[in-house]
Structures are given as C-alpha cells and as structure tokens.
Amino acid sequence: MTNILIFGHKNPDTDTICSSIVYNNLKKIQGMDSEAVRLGEINDETKYALEYFNVSLPRLVEEVEEGQDVILVDHNEFQQSANGIEKAVIREVIDHHRIANFETAAPLYYRAEPLGCTATILKKIYEEQNINIDKQMAGLMLSAIISDSLLFKSPTCTLQDKVAAEELAKIADVNAEEYGLAMLKAGASTTDKTAETLISLDAKEFVLGADKLVVAQINTVDANEVADRKEELEAAINAELSSKGLAAYVFVITNILTSDSEVLVLGEKQDKVAQAFGKTLENDFMTLEGVVSRKKQVVPQITEEFSK
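Residues numbered from 1 in each chain as written. Predicted model: local features only at pLDDT ≥ 70, side-chain atom pairs only at ≥ 80, totals over all residues. Heavy atoms only, no water.

Caption draft 1: Seen up close, the overall build of the chain. Across its full length, the chain holds 12 helices and 11 strands. Against the compact-globule benchmark of 19 Å for 308 residues, the chain has a radius of gyration of 19 Å, which places it among compact chains. The C-alpha extent of the chain, read off along each of the three principal axes, is 55 × 45 × 35 Å. Burial analysis of the chain (308 residues in total) assigns 57% to the buried set. If you sum the accessible surface of the chain, you get close to 13200 Å²; carbon and sulfur atoms cover 46% of it. (Helix = DSSP H or I, 4+ residues; strand = E, 2+ residues; numbered from the N terminus. Rg over C-alpha atoms; globule rule 2.2 N^0.38 Å. Buried < 20%, exposed > 50% of the residue type's maximum accessible area, 1.4 Å probe, protein only. Areas by Shrake-Rupley, 256 points an atom, 1.4 Å probe, with all protein chains shown as cover.)

Dropping the structure here:
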C-alpha cells in the first residue's frame, strides 16, 4: 500500500486532477512515498490538458482504507472526499475553498488561501521550497488556473492568480489566452453526453444545516444546447433527489463566452434557492447575469439563505 495518497474531490475538475499530480511531483522529489490518485472520471477539458502536456492519468480510487495516510487538495469537506475518509489519516490539506464539516484526530499541515485556484498556492509552495517547476508541471498548474478562473473572467481570480499564470505560461511555452480558450472549448461540448453525465461532471454536495444540496456546474458555448434538454435533465436530477435525499439540486449552465449562467433548480426547496438570488423560477429555470463562479457567486448566497 502506497504510504500517502494525494487526491482532490469527487467528480474531479482540472484543478483537482492537476493539483494532485503537481503536489505529488513535489513530494516525490522530496523523497516521499506518495501517489496522485483520482476519485472519479475526468472531463474532456482535463483530458485535453493532460494530453497536451503528455501527463498520465492518475489511478482511480473509490475508497480509502482505514488508517491510510492521505493529503487532500482542492477540497476539505468530507462529503466531497473519498469514501472512508473519516477513518483515514489526513496529513495535509492544500485548498482554496471554505472550511466546513472537517475535523481530524491529530494536528496536520493545513494551508488555505483565498485565491482563485489551488494550483496558485502550489506554485508558491514550489518556490518557497526551492523546487524547480518544469514545463509539464507549469502546464498543469496553468491549466488549473485557467479552468478555475474561466480564463481570468471569474470574480474568484486574483492578481496573484494572473501573475502566476503569466509566469507559468512562459515556462510551459504556450500563449495563455490561445491555449486556455482551446482547453475550455474542449470541455464545452455537451451534445455527446447523457443527461446523467452532464449533471454529475462537476457536482458538489453541501450540507447546510438540516438540508443537503448538490450544486453542479457545466461550461458551454451555447447554454440553450443544454437547457433545451430539460426533460432529460429533470429525469436525471429527480433520480438524484430521491436517491440522496436532497432538498434541492442546483444545475448551473455557464456560457464561457457571455459569462452568464442559466440555472435549473429542482427539489422541495427550489424556491428557497431562487430567493437567495432575488429570483423567481420560470419553468424551473432562472438566469444569473455575470455569474460564472460556483464558489463565490452561487454557494455563499445559497448558504446565507439556508441559514435564515
């Protein structure tokens, strides 16, 4: 059994996969017996990044054994982590999200910064520890920043993220804008995906008081391409509502070209979700202009509403 497993959240996105690989690279350089793994299938955007920089896909792990040493990147909430995480030994956390539903039996190294991407934090760690960033690792970190910031358009994107991306692009020998748009478009195709796949590609579960919700997001260049499949999406979402006992399922369809989102909300507390944005659902949908970030523009508003 590998001494330490490094992984991000379930339904992995580009930051989760790339940050796992990048941090594992640093740990192995330092002599640690570690392995980057993933908790789910990757999306087309992440696949594009890995293939572009010729990096192998991490091994799939669905459950961790009791006593397994782990390092969490890009998440900390247990419901978003590996099955069995409660019995694992969490050695470190590197993250840029809120801290919730998290506790450990022993002290650990925990680094959380209010930046747009975990990879930006990892770049700082490489530099602090005088570890060289090669072309592959630079490319992965750049890909993660572009993904999480929607090519620097997201309100979560900070000056530190932008500066890091500029420096990483030089090391990776790519034009950040050109490469970034190609990568985002690679992940924006939806016509070849089932409704079940669309709602689960980037879905995160949140416990808000007595209620459990899922907030899922997909990026596209044509929101109607997804929204027009409402009947299929509803069937898939209703199955999730029933099987997981959810109060609401929030499916955010973000147009990467216009930076607006169409949001499909289902569940017994769908109206409460809409109230968080001062909206009224029309045919179970609402439009959120200028909303691209789940972390900063969706989850905090819903959390506040459900805390009332």
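Caption draft 2: Spotlight on the pairing of strand S4 (residues 69–73). For S4, a buried count of five out of five residues is recorded, marking the element as mostly surrounded by other parts of the structure. Across the two faces of S4 the burial is the same, with Asp 69, Ile 71 and Val 73 and Val 70 and Leu 72 all buried. Pairing geometry for strand S1 (residues 4–7) and S4, over four bridges, is parallel. Counterpart to Ile 4 in the pairing with S4 is Asp 69. Where S4 and strand S5 (residues 89–95) come together, five bridges link them in parallel fashion. Each bridged residue has a counterpart across the sheet, and for Val 70 the counterpart in S5 is Ile 90. (Pairing = 2+ DSSP bridges.)

Caption draft 3: Quick peek at the packing of aromatic side chains. Tallied over the full model, the rule gives seven aromatic pairs. Centre to centre, the rings of Phe 102 and Tyr 110 are 5.5 Å apart; their planes meet at 75 degrees, and the pair counts as edge-to-face. Here the aromatic cluster, defined as three or more aromatic residues joined through ring pairs, consists of Tyr 48, Tyr 52, Phe 53 and Tyr 179. Geometry around Phe 306 places Lys 272 over its ring, the cationic atom sitting 5.6 Å from the centre. (Phe/Tyr/Trp six-rings, centres within 6.5 Å; stacked < 30°, edge-to-face > 60°. Lys NZ or Arg CZ within 6 Å of the ring centre and 35° of its normal.)

Caption draft 4: Local environment of the side chain of Asp 95. With respect to the helices and strands, Asp 95 occurs in strand S5. Buried and unpaired, Asp 95 has Lys 204 as its nearest opposite-charge partner, separated by 7.0 Å. Among the polar contacts made by the side chain of Asp 95, one reaches the side chain of Asn 76 at a distance of 2.9 Å. A polar contact of 2.8 Å, which involves the side chain of Asp 95, links it to the side chain of His 97. In contact with Asp 95, other than residues within four places in its own chain, are Asp 74, His 75, Asn 76, Arg 111, Ala 112, Glu 113, Thr 118 and Ile 121. (Lys, Arg positive; Asp, Glu negative; His and termini not counted. Salt bridge = Lys/Arg side-chain N within 4 Å of Asp/Glu carboxyl O. Polar contact = N/O pair within 3.5 Å; in protein donor to acceptor, adjacent residues only side chain to side chain. Contact = heavy atoms within 4.5 Å.)

Caption draft 5: Spatial organisation of the sheet that holds strand S3 (residues 59–60). Read from one edge of the open sheet, six strands run S3-S2-S1-S4-S5-S6, paired in parallel fashion. This sheet does not close on itself; its edge strands, each paired only once, are S3 and strand S6 (109–112). Contacts from helix H1 (residues 14–29) reach S1, strand S2 (34–38), S4 and S5, with the element oriented near 175 degrees to S2. Sheet strands touched by helix H3 (residues 118–128): S4, S5 and S6. Its angle to S5, the strand with the most contacts, is close to 105 degrees. (Axes fitted to C-alpha atoms, helices over the stretch in contact; angles between N-to-C directions.)

Caption draft 6: Local environment of the sheet that holds strand S9 (residues 248–255). Ordered by their spatial adjacency, five strands build an open sheet running S7-S8-S9-S10-S11, and the pairing between neighbours is mixed. Looking along the sheet, the strands with just one partner apiece sit at the ends: strand S7 (203–208) and strand S11 (285–288). Sheet twist, expressed as the average angle between the axes of neighbouring strands with direction ignored, equals 25 degrees. Pairing of strand S8 (residues 211–220) with S9 involves eight bridges; the strand directions are parallel. Directly across from Val 214, in S9, lies its bridge partner Tyr 249.

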